[in-house]
Amino acid sequence: MSDAFAPSDRYRQGMATRRAVLGDNHVDRAQSASTDFDRPFQELITEAAWGHVWSRPTWTKRERSIVTIALLAALGQDEEVAMHVRATANTGASRDDVCEALLHVAIYAGVPAANHAIKIVKQVFAEMDAGKAA
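Given the structure is predicted, the values throughout are model-derived calculations rather than measurements.

**Digging into the UniProt feature "domain: Carboxymuconolactone decarboxylase-like" (unreviewed entry) in the protein**
Per the UniProt annotation, the sites labelled "domain: Carboxymuconolactone decarboxylase-like" (unreviewed entry) are residues 41-122. Structurally, residues 41-122 comprises 83% helix and 0% strand, and the distance from its first C-alpha atom to its last is 30 Å.

**Section: the packing of helix α1 (residues 9-22) against helix α5 (residues 78-91)**
In contact at an axis separation of 6 Å, α1 and α5 are set at 95° when each is read in the N-to-C sense. Judged on the interaxial angle alone, α5 and α1 are roughly perpendicular. Mapping the contact onto sequence places Ala20, Val21 and Leu22 in α1 and Met83, Ala87, Asn90 and Thr91 in α5. Classifying every residue of the contact of α1 with α5 gives five nonpolar, two polar and no charged.

**Re α5**
Counted at 1.5 Å a residue, the expected span for α5 with its 14 residues is 20 Å, and the 19 Å between its end C-alpha atoms agrees. Buried within α5 we find Val81, Ala82, Met83, His84, Val85, Ala87, Thr88 and Thr91. Contacts from the buried residues of α5 go to α1, α2 (24-33), α3 (39-53), α4 (61-75), α6 (95-108) and α7 (111-133). Downstream of α5 by a residue or two, glycine 92 has a phi angle that is positive, lying close to 90°.

**Looking at a nonpolar patch on the surface**
On the surface, Trp59, Val67 and Leu71 cluster together into a nonpolar patch covering about 280 Å² of accessible area. You can see valine 67 is positioned in helix α4. Look at valine 67 and you get partly exposed, because its relative accessible area is 32%.

**Side note on α3**
Taking 1.5 Å of rise per residue, the 15 residues of α3 would be expected to cover 21 Å, and the 20 Å separating its terminal C-alpha atoms lies within 8% of that figure. Elements that come into contact with the buried residues of α3 comprise α1, α2 and α5.

**Some thoughts on the environment of aspartate 129**
Within the secondary structure, aspartate 129 is located in helix α7. Overall, the relative accessible area of 36% leaves aspartate 129 in the partly exposed class. Note: C-alpha distance between aspartate 129 and asparagine 90 (39 residues apart in sequence) is 15 Å.

Reading guide: rules and limits
- In this numbering scheme, every chain counts its residues from 1 along its sequence in written order.
- Under the rules for a predicted model, residues below a pLDDT of 70 receive no local features and side-chain atom pairs below 80 are neither given nor counted, while totals for whole chains, interfaces and linings still include all residues.
- To obtain the side-chain values, all non-hydrogen atoms of the structure were used and water was disregarded.
- UniProt positions are given in the numbering used here, feature names are shortened, and annotations may be inferred rather than shown by experiment.
- Secondary structure is summarised from DSSP: a helix means a run of H or I of at least four residues, a strand means a run of E of at least two, and numbering begins at the N terminus for each.
- To define axes, lines are fitted to C-alpha atoms, for helices over the stretch in contact only, and angles between the resulting N-to-C directions are given on a 0 to 180 degree scale.
- Angle categories are assigned with fixed cut-offs, so that under 35 degrees is roughly parallel, over 145 is roughly antiparallel, 65 to 115 is roughly perpendicular, and the rest are oblique.
- Working rule for contacts: check all heavy atoms of both residues, and any pair within 4.5 Å makes them a contact.
- Polarity classes work like this: nonpolar for Ala, Val, Leu, Ile, Met, Phe, Trp, Tyr, Cys and Pro, charged for Asp, Glu, Lys and Arg, and polar for all others, with Gly in that last group.
- By definition here, a helix of n residues has an expected span of 1.5 Å times n minus one.
- Only protein chains enter the accessibility calculation, which uses a 1.4 Å probe; a residue whose area is less than 20% of its type maximum is buried, one above 50% is exposed, and one in between is partly exposed.
- Like charges are joined within 9 Å and nonpolar side chains (Val, Leu, Ile, Met, Phe, Trp, Tyr) within 5 Å, but only among residues with over 30% relative accessible area and no salt bridge; these make up the patches.
- Only the protein chains shown count as cover for residues, with accessible areas throughout obtained via the Shrake-Rupley method and a probe of 1.4 Å.
- A side-chain nitrogen of Lys or Arg and a carboxyl oxygen of Asp or Glu constitute a salt bridge if their distance falls within 4 Å.

Structure, rendered in C-alpha cells:
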C-alpha cells in the first residue's frame, strides 16, 4: 500500500471479496507485482470494484460473475475474461451460465465478440480441467 493509504473498512471488505472470488494466489501475485506507479490503481480497484460493487448483498457472486464475464467479453477484454472464467471455480457460476452469458453477448454486442470470447473460455476451461486431472 502507498505511504498515504490507510485501509478503510470498504478496502478491507474489498480485499476479502477479491480474495474469495479470485483466490489468494492471484491476489498475492497482483500485490507483489505492484509498484509505486500502479499501487494506487490496485488500491482503487480493491476499494471500489471489490469493496463497493462486488461486496453488495443484492446479487450473489455467481450473478456478478456471469454479468462480469458478459461485459468483459463484449468489451474485448481478453485477459480479464480469462481471469473471471478461472474465478468461476470460486463464484459458483457454471459452464452453462458462461455459455448463456456469451449467447447474450452474441446478440447484444456482436457475434465476433462472442466468438472470440468463446475461444478464450474454451481454452481456460481446458486448462482448468487439466489442472484438476494433475
